[in-house]
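Structural features, examined
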Amino acid sequence: MAGRLADALRDSWDSDLAWSFRHSPYAMVAAIVFAACVGTAVLAPWVAPHNPFDLAQLDLSNSLKPPMWIAGGDPSYPLGTDDQGRDILSTIFFGARISLEVGIAAVLFSMGLGVALGLLAGYVGGKTDAFIMRVADVQLSFPAILIALLIDGVARAVFPGAHDSMAFWVLVLSIGVSGWVQYARTVRGSTMVEKNKEYVQAARLFGIHPLAIMARHVLPNVLGPVLVIATIHIATAIITEATLSFLGVGVPATEPSLGTLIRIGNDFMFSGEWWVTLFPGLALVIMVLAINLLGDWLRDALNPRLR
Amino acid sequence: MTAFVIRRLLQAIVVMLVVAFVAFSLFQYVGDPVQLMMGQFATPADRIRLTHELGLDQPFYVQFFHFVVNALHGQFGVSLRIGKPVSVLLAQRLPATLELSICAALLALAVGIPAGVYAGLRPNSWLARTAMSGSLVGVSLPTFLIGILLILVFAVKLGWLPAFGRGDVVHLGGWSTGLLTRTGLESLIMPTITLGLFQLTLIMRLVRSEMLEVLRADYIKFARARGLSDRAVNFGHALRNTLVPVITITGLQLGSIIAFSIITEQVFQWPGMGLLFVQAVSYADIPVMAAYLCLIALVFVVINLIVDLLYFVVDPRLRVDRPGAAGR
C-alpha cells in the first residue's frame, strides 16, 4: 500500500505538469501564497489572535487603534483595530474564509450548471442546443456583475426580511448563475468532438442510456479545460463577491467578508483611519493575484500547443 | 449585407423582448402592487376595483403587451423608494453616467492601443514587460479598490482632488455637464481613471497579443520582403488587421463600462444611474430595477449591432455574404 502510494507520488512528481510547475517560479510562489491564504482561512479560529465575532472579547476602548508600528499601536493588534475594537488581522483571516467559501461554492455551482448544460447542448444538439446557446449568448452580452446584482435584487424582493440569514446562498446563487456560460460553451465544443468518436458510438450501440454515456464516458474527456476555467473563475468569483459586499448587497456586516470589511473601512478613511480598509484590500488583491497567476500557469501548462 | 442587417435587427428585437419579459416578470411576481398601494385595511371590493383599474385581471399576454408599449414610451411607473416617476429619475442621472463612461472609454483607448502596439512591437523591452506585469496586477485589482486607493492617496493624504460628487455642474437644456467647470473636471479625474483602468489593461493585452499574432503572418513577411518601411508594415498592415477584434472588444466593453460605472459611482458617490440602481437593489425598488435593466439592455443591444456593422467596414472578407459567415 505504502509502496503504491510512493509510486503514485513519484509518477505525479515526474509528470509534465509537475515538471512545468517546478520550472515556473511564478507558479511556485503563487501556490505558496495561495496555500497560505487557504491555510489561514481554514484555520482562522485557531490561528487568528482574537475571535472578532465573539462579542465578549470586544472592548470599545480598543477601537480604532493604529497598526503596531505606528505610535499608539498595540502589539496584540498587529494591524490595528476597527471601530468596534475588532482586530483587523483576525477579521481578515475570518473574512478571507467567507470570501473563499462563497467563491468556491459559486464556482462549483457555475461549473455544475455549465457542464451539465454544455454536455446536454453538445450531445443532444438540434433545438435543445440552439435554445441553450441562445440563452448563453444573451447572458454573455451582459456583464456578470450586473446579472449577479439583478439576481441579488430579486432575491431581496422575494424574501424580504429573511435576507441576512440567506445572504450566503443568495450570493452563491447570483455569482454562480452569472458564470455558467463559459463552462457550457467550452464543454459543448469538446462534447461535439467527442460525440463522433468510436467509443461513444460503441457505447450507443450497446444501448447505454444517453445520460449514462454523457456522465460516464464523455464527461471525463471534456473536463481538462473546465479545470482551467474554474481556477481563474475562483478569482473572478471572489472579486464579484467582494464587489457585491462592497456595494452593500453581499454578506452582512455581522459576519464580514473581505469586501464587507473594505466597505466598513471606507467610512473611516476620511478621518485618517486608513488601515481599516487598506489591509483587507491588500489581502484581497494578494489572494486574487495568486489565484490568477496559478490559473495562467495551469492554462499554459495544459495547452499542448505551447509545449 | 441587407439580409445580415435584417437578421441582426430581428435578433436584437428578440433579445429586447426577452429582457422586457424578465423585467415584466419582476413586476408580476415580486410583491403585490395592489397590497402595496392600498395597505392592509382595504375592502375586498376596493381591491377588485383597483386590480381592474391597473389591468391586473387581464390575461398575461395582454398585460405584457401593455408593459412593452409603456416601456417604449419610457414609462416604467413610480419608484417605490423615492416616489417620483422612474423615467424622470433616470433622465436626471443619465448625463452623469454617460460623461463618466465616455471619458473612461476614451482614456482606455488613448492609452491602451499605443501601449499595446508598443508591447507587441518590442515584446522584450523592459517597458513592455513592466506594463504586462502591471496589467496582471490591474486585472487582479477590483475596481472599487482602485477607487479607494486613489481617494486615499490623492484626496485624503495629498488633498489634491475632491473625493466624491460631481463638482459644479452647468445645465444646458435637459443636460447637466461637469465638463465646463474647474471643480467638475477635477471631480472627473479619479472616477475616470478608476473606471477606465481595467478596460485599459484589457485593450493593451488584446492589442499586444493580436500584434504578435499578426506580425508572424506571411503577408507581413511578404510586405517586409517588398522593402516597405517598418512604419508602413507596422501601422499600415499589422495594426489595421489587429483592429477587428479590438473594435469588437472595445465596443462590447463600452457597454460594460456603463454597467461597471455602478461600482465607480458607489465609490465616488457619483450621482449617476448606477448609484440609483444600487440603491434600488438594496431597497428592492422594482420599478427602478426594471427600467435600469431595460435601459442597459438597450445600450448593449445597440452597441452589439453597431459592432457587427462595423465589421463590414473594417474586414472586407465579411462583405461577401457567405453562408458560413452568417453564424458569427
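Residues numbered from 1 in each chain as written. Chains lettered and ligands numbered in written order. Predicted model: local features only at pLDDT ≥ 70, side-chain atom pairs only at ≥ 80, totals over all residues. Heavy atoms only, no water.

Remarks on the overall build of chain A
As a reminder of what qualifies: Here a helix means four or more residues in a row that DSSP labels H or I, a strand means two or more in a row labelled E, and each is numbered from the N terminus. For every residue, the accessible area (1.4 Å probe, protein chains only) is compared with the maximum for its type, and the residue is labelled buried under 20%, exposed over 50%, or partly exposed between those bounds. When checking whether two residues touch, look at their non-hydrogen atoms; a contact exists if any pair is within 4.5 Å. A 1.4 Å probe and the Shrake-Rupley method give the accessible areas. Residues count as covered only by the protein chains that appear here.
Within chain A, the secondary structure is distributed over 13 helices and zero strands. Ordering the α and β elements of chain A from the N terminus gives α-α-α-α-α-α-α-α-α-α-α-α-α. The buried share of chain A, reckoned over its 307 residues, is 49%. Summarising the internal contacts of chain A: among those between residues at least 6 apart in sequence, 69% fall at separations of at least 24. When the accessible surface of chain A is split by element, carbon and sulfur atoms take 67% of a total near 14600 Å².

Looking at the overall build of chain B
Counting its regular elements, chain B contains 12 helices and two strands. Listed by position from the N terminus, the elements making up chain B come as α-α-α-α-α-α-α-β-β-α-α-α-α-α. Burial statistics for chain B: of 328 residues in total, 44% are counted as buried. A sequence separation of at least 24 residues applies to 70% of the contacts in chain B between residues at least 6 apart.

Things to note about a nonpolar patch on the surface
All names here are of chain A. Our working definition: Patches in this entry comprise residues that are over 30% relatively accessible and not in a salt bridge; like charges within 9 Å are linked, as are nonpolar side chains (Val, Leu, Ile, Met, Phe, Trp, Tyr) within 5 Å. By definition here, a salt bridge exists when the distance from a side-chain nitrogen of Lys or Arg to a carboxyl oxygen of Asp or Glu is within 4 Å.
Taken together, the side chains of Val-42, Leu-43, Trp-46 and Val-47 define a hydrophobic patch exposed on the protein surface, amounting to about 430 Å² of accessible area. Positionally, Leu-43 belongs in the loop between α3 (25–42) and α4 (44–47). When its relative accessible area of 42% is taken as the criterion, Leu-43 is described as partly exposed.

Some details on the interface of chain B and chain A
How large an interface is tends to be reported as the accessible area lost when its parts come together. Put simply, the test is: Note: buried area is the sum, over both parts, of the accessible area (probe 1.4 Å) each one loses when the two are combined. The definition of a polar contact used here is a pair of N or O atoms within 3.5 Å, where within protein one atom must be able to donate a hydrogen and the other to accept one, and adjacent residues in sequence count solely through side-chain atom pairs. Charged means Asp, Glu, Lys or Arg here, nonpolar means Ala, Val, Leu, Ile, Met, Phe, Trp, Tyr, Cys or Pro, and polar covers whatever is left, Gly included.
The interface of chain B with chain A comprises 42 residues on the first partner and 36 residues on the second. Approximately 3300 Å² of surface area, both sides summed, lies buried where chain B meets chain A, with 85% of it carried by carbon and sulfur atoms. Across the chain B-chain A interface, the total number found is zero salt bridges. On the surface where chain B and chain A come into contact, there are zero residue pairs in polar contact (both at pLDDT 80 or more). Every element with two or more residues in the side of chain B that touches chain A is listed here: α1 (2–29), α6 (126–140), α7 (143–157), α10 (230–268), α11 (273–282) and α12 (286–314) of chain B. Grouping the amino acids of the side of chain B that touches chain A by side-chain chemistry returns 34 nonpolar, six polar and two charged.

A closer look at α6 of chain B
One turn of the α-helix equals 3.6 residues, which is why residues spaced by three or four share an orientation. Under the convention used in this document: Helix span, expected: 1.5 Å multiplied by one less than the number of residues in the helix.
Look at α6 of chain B: 21 Å from first C-alpha to last across 15 residues, which is about the 21 Å you get at 1.5 Å a residue. Those residues of α6 of chain B not exposed but buried are Ala-128, Met-132, Ser-135, Leu-136, Gly-138 and Ser-140 of chain B. Close packing links the buried residues of α6 of chain B with α11 (210–246) and α13 (275–302) of chain A together with α5 (86–121) and α8 (182–215) of chain B.

Topic: the environment of Ala-237 of chain A
Residue and element names in this part refer to chain A. Among the structural elements, Ala-237 can be located in helix α11. As a C-alpha pair, Ala-237 and Ala-290 span 53 residues in sequence and 14 Å in three-dimensional space. In contact with Ala-237, not counting residues within four places along its chain, are Gly-103, Val-107 and Ile-175.

Comments concerning the side chain of Arg-93 of chain B
Residue and element names in this part refer to chain B. Heads up, the rule is: Neither His nor the chain ends is counted toward charge; the positive residues are Lys and Arg and the negative residues Asp and Glu.
Within the element layout of this structure, Arg-93 appears in helix α5. Glu-265 provides the closest opposite charge to the buried, unpaired Arg-93, separated from it by 6.0 Å. Ignoring sequence-local partners within four residues, the contact set of Arg-93 consists of Pro-271, Gly-272, Met-273, Leu-275, Leu-276 and Gln-279.

Here's the deal with the packing of α5 of chain B against α11 of chain B
All names here are of chain B. Keep this limit in mind: For helices, the axis comes from a line fit to the C-alpha atoms of the stretch in contact; other axes are also lines fit to C-alpha atoms, and the angle between any two N-to-C directions lies between 0 and 180 degrees. Should an angle fall under 35 degrees it is taken as roughly parallel, and over 145 as roughly antiparallel, whereas 65 to 115 is taken as roughly perpendicular and any remaining angle as oblique.
For the pair α5 and α11, interaxial distance at closest approach is 7 Å and the crossing angle is 130°. Overall, the two elements α5 and α11 adopt an arrangement that is oblique. On α11, the residues that touch Leu-89, Leu-90, Arg-93, Leu-94 and Thr-97 of α5 are Met-273, Gly-274, Leu-275, Leu-276 and Gln-279. Looking at the contact of α5 with α11 residue by residue, the classes come out as six nonpolar, three polar and one charged.

Here we look at unusual backbone geometry
All names here are of chain B. The phi angle at Gln-269 is positive, at roughly 50°, despite the residue not being glycine. Within the fold, Gln-269 resides in the loop between α10 and α11. Classification of Gln-269 by relative accessible area gives partly exposed; the value is 39%.

Here's the deal with the packing of aromatic side chains
Residue and element names in this part refer to chain B. Note the cut-off: Any Phe, Tyr or Trp ring, taking Trp's six-membered ring, that has another such ring centre within 6.5 Å forms a pair; planes under 30 degrees apart are called stacked, those over 60 apart edge-to-face, and the others tilted.
One pass over the structure, following the stated rule, counts four aromatic pairs over all chains. Taking 6.0 Å as the distance between ring centres and 40° as the angle between the ring planes, the aromatic pair formed by Phe-154 and Trp-160 counts as tilted. Their ring planes at 20° and their centres at 4.4 Å tell us that Phe-277 and Tyr-292 sit as a pair that is stacked. With a gap of 15 residues between them, Phe-277 in helix α11 and Tyr-292 in helix α12 connect regions that are remote in the sequence. One exposure class covers both Phe-277 and Tyr-292, and it is buried.

Structural notes on the confidence of the model for chain B
All names here are of chain B. Applied cut-off: pLDDT runs from 0 to 100 and stands for how confident the predictor is about each residue.
On average, residues of chain B score 77 in pLDDT, and 87% of them are at 70 or above. No element of chain B has a lower mean pLDDT than helix α2 (residues 33–38), at 62, and none a higher one than α5, at 85. This complex was scored by the predictor with a pTM of 0.79 and an ipTM of 0.75.

Considering the side chain of Ser-257 of chain A
All names here are of chain A. Summarising the element assignment, Ser-257 is placed in the loop between α11 and α12 (258–266). Among the polar contacts listed, one links the side chain of Ser-257 to the side chain of Glu-241, at a separation of 2.7 Å. Among the polar contacts listed, one links the side chain of Ser-257 to the side chain of Ser-245, at a separation of 3.4 Å. Filtering out sequence-adjacent residues up to four positions away, Ser-257 remains in contact with Gly-95, Ile-98, Ser-99, Glu-241, Ser-245 and Val-251.

Some details on the pattern of salt bridges
Residues and elements named next belong to chain A. Tallied over the full model, the rule gives two salt bridges over all chains. Here Arg-188 ties to Asp-129 by a salt bridge, and the two come within 2.6 Å at their closest N and O atoms. Of this pair, Arg-188 sits in helix α9 (residues 180–195) while Asp-129 sits in helix α6 (residues 126–140), and the two are 59 residues apart along the sequence. Residue classification places Arg-188 among the partly exposed positions, given a relative accessible area of 22%. With relative accessibility at 11%, the residue Asp-129 sits in the buried group. Of the charged contacts, one joins Glu-194 and Lys-197 as a salt bridge, the two residues approaching to 3.3 Å between their closest N and O atoms. By relative accessible area, Lys-197 is classed as partly exposed at 35%.

Here we look at the packing of α11 of chain A against α12 of chain A
Residues and elements named next belong to chain A. Formally: It is the rotation of the near helix from the far one that decides the hand of a crossing: anticlockwise by less than a right angle makes it left-handed, clockwise makes it right-handed.
Here α11 crosses α12 at 35°, and the two axes come no closer than 7 Å. Handedness of the crossing formed by α11 with α12: right-handed. Contact with α11, carried on its side by Ala-242, Ser-245 and Phe-246, involves Gly-259, Thr-260, Ile-262, Arg-263 and Asn-266 of α12 and no other residues of that element. For the contact of α11 with α12, the class distribution of residues is three nonpolar, four polar and one charged.

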